[in-house]
Amino acid sequence: MKINIKNYKQIVVLTGAGISAASGIRTYRGENGVWQEFDVGQHGRVDRLKDNPQQIWTLFGALRAQLKSAMPNQAHLALAALEQNLRPDQQFTLITQNVDGLHQRAGSVNVVELHGNIRYTKCANAACDLAPFTDENTYADAVPRCSKCGDVLRPDIVLFGEMIPALPGWQAKRALRECDLFMAIGTSGSVAPASNFVRSAEYAGARTIYINLDPMEPRNPAFKEEYLGKAEELLPAML
Ligand code: OAD
Ligand code: ZN
């Protein structure tokens, strides 16, 4: 099934971990997901910064390690090509829950990173003026400390129990308001607020499409079309 992109003016795509699976990044849920090994909801909770920050680094340091050799795959590239081939009167917003930065590396430009980017490290103390910095260390053995205030350093991503930062939250809402095509790709649809975006798109009157390896559980009736398979195979054919 080919999607005729020419027919749409406000295209919003939401991606999740499944789109990076073919790049060698483990998904959270599903077969071989990180969740099989850790309870990500607990290990990745903001409270661990206080009582066990090493757990945060064990979980997300591993993601940094996978990223060292990861390259964008055919699914990332298909979305970048879609954006590059639009008419001037068409808008495209790529909202991603991924923190791996692979969409930008594939050439996507209008990317909203809802959950931050794992490339950056920042101080856990919100009052500290240490600026987030790019960092490839995985900190598997010891938790790093802030040179300014001595608090723990953490990856600059949204942990469980934290709010979505105001700017990406607002950018996502703005894009969804007048959306006429909404596609969710490689996401289990189990983490809010992203899991609710399809409903905003439906209110706006958009065509709503779900593309994922496994069916969504439970099904979200706001998706009117569902295509099951690998994003890296389906997207180049559909777009
Ligand atoms: P999940 O791991 O929950 O879901 C990934 C989905 O991708 C699963 O439903 C798989 O079936 C599907 N999948 C696997 N391989 C695929 C492939 N090659 N092509 C297409 N689909 C495939 O990931 P997210 O929905 O992104 O939050 O998870 C949402 C959030 O939960 C994440 O951003 C993360 C996590 O906790 C933070 O880290 C803040
Ligand atoms: Zn600090």
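Remember, it's a predicted structure, so these values are computed and weren't measured experimentally.

### A look at the coordination of the zinc ion (ligand 2)
Item 1. Distances from the zinc ion (ligand 2) to its protein donors, Cys123 (SG), Cys128 (SG), Cys146 (SG) and Cys149 (SG), fall within 2.3 to 2.4 Å.
Item 2. Between the four donor atoms coordinating the zinc ion (ligand 2), the angles at the centre fall across 97 to 115°, so the site counts as tetrahedral.
Item 3. For Cys128, a relative accessible area of 15% corresponds to the buried category.

### Description of the site of ligand 1
Item 1. The environment of ligand 1 is made up of 23 residues, and the closest members are Arg29, Val158, Thr187, Ser188 and Asp214.
Item 2. In this structure, an oxygen atom belonging to ligand 1 sits 2.8 Å away from a main-chain N or O atom of Ala17.
Item 3. Calculation on ligand 1 without its partners gives an accessible area of 800 Å², and the protein chains cover 95% of this total.
Item 4. Looking at the shell around ligand 1 residue by residue, the class counts come to nine nonpolar, 10 polar and four charged.

### As for the nonpolar core
Item 1. Counting 22 residues, the largest nonpolar core has Met183 and Ile185 as its most contacted members.
Item 2. Looking at this core, the elements that each hand over two or more residues are strand 1 (10-15), helix 4 (74-84), strand 2 (91-96), strand 7 (181-185), strand 8 (207-212) and helix 8 (231-238).
Item 3. It is helix 4 that provides the largest number of residues to this core, a total of four residues.
Item 4. When near neighbours in sequence (up to four residues on either side) are disregarded, Ile185 contacts Val13, Leu14, Thr15, Gly16, Ile19, Leu79, Ile211, Ala231 and Leu235.
Item 5. Among the nonpolar cores identified, the runner-up in size contains 20 residues, and Ala175, Ala194, Ala201 and Tyr210 belong to it.

### Thoughts on the domain arrangement of the chain
Item 1. Here the domain parsing of the chain yields domain 1 (1-25 + 72-115 + 164-239) and domain 2 (31-69 + 118-157).
Item 2. For domain 1 and domain 2, the distance between their C-alpha centres works out to 26 Å.
Item 3. Interface area for domain 1 against domain 2, summed over the two sides, is near 540 Å², with a carbon-plus-sulfur share of 63%.
Item 4. Where domain 1 packs against domain 2, one counts zero salt bridges.
Item 5. Put simply, domain 1 and domain 2 have one residue pair in polar contact (both at pLDDT 80 or more) between them.

### Observations regarding the pattern of salt bridges
Item 1. Summed over all chains, the structure comprises 11 salt bridges.
Item 2. Across the salt bridge formed by Asp89 and Lys9, the nearest N and O atoms sit 3.8 Å from each other. Here the residue Asp89 occupies a position in the loop between helix 4 and strand 2, and Lys9 occupies one in the segment before strand 1, the gap between them amounting to 80 residues.
Item 3. What makes Asp89 partly exposed here is its relative accessible area of 38%.
Item 4. Here Asp135 and Arg64 are joined by a salt bridge, their closest N and O atoms 3.4 Å apart. Residue Asp135 is found in the loop between strand 5 (133-134) and strand 6 (153-157), and its partner Arg64 is found in helix 3 (residues 53-67); the two are separated by 71 residues along the sequence. Here Asp135 matches Arg64 in class, with each residue buried.
Item 5. One network of salt bridges, in which partners are shared, links Lys9, Arg87 and Asp89.

Thresholds applied
- Residues numbered from 1 in each chain as written.
- Chains lettered and ligands numbered in written order.
- Predicted model: local features only at pLDDT ≥ 70, side-chain atom pairs only at ≥ 80, totals over all residues.
- Heavy atoms only, no water.
- Donors = N, O, S within 2.8 Å, 3.2 Å for Na, K, Ca; no water.
- Tetrahedral: all angles 85-135°; square planar, octahedral: opposite > 155°, others 65-115°.
- Buried < 20%, exposed > 50% of the residue type's maximum accessible area, 1.4 Å probe, protein only.
- Near = heavy atom within 4 Å.
- Polar contact = N/O pair within 3.5 Å; in protein donor to acceptor, adjacent residues only side chain to side chain.
- Areas by Shrake-Rupley, 256 points an atom, 1.4 Å probe, with all protein chains shown as cover.
- Nonpolar A, V, L, I, M, F, W, Y, C, P; charged D, E, K, R; others polar.
- Core = buried A, V, L, I, M, F, W, Y, C linked by side-chain atoms within 4.5 Å.
- Helix = DSSP H or I, 4+ residues; strand = E, 2+ residues; numbered from the N terminus.
- Contact = heavy atoms within 4.5 Å.
- Domains from an automatic or database assignment.
- Buried area = accessible area lost by both parts, 1.4 Å probe.
- Salt bridge = Lys/Arg side-chain N within 4 Å of Asp/Glu carboxyl O.

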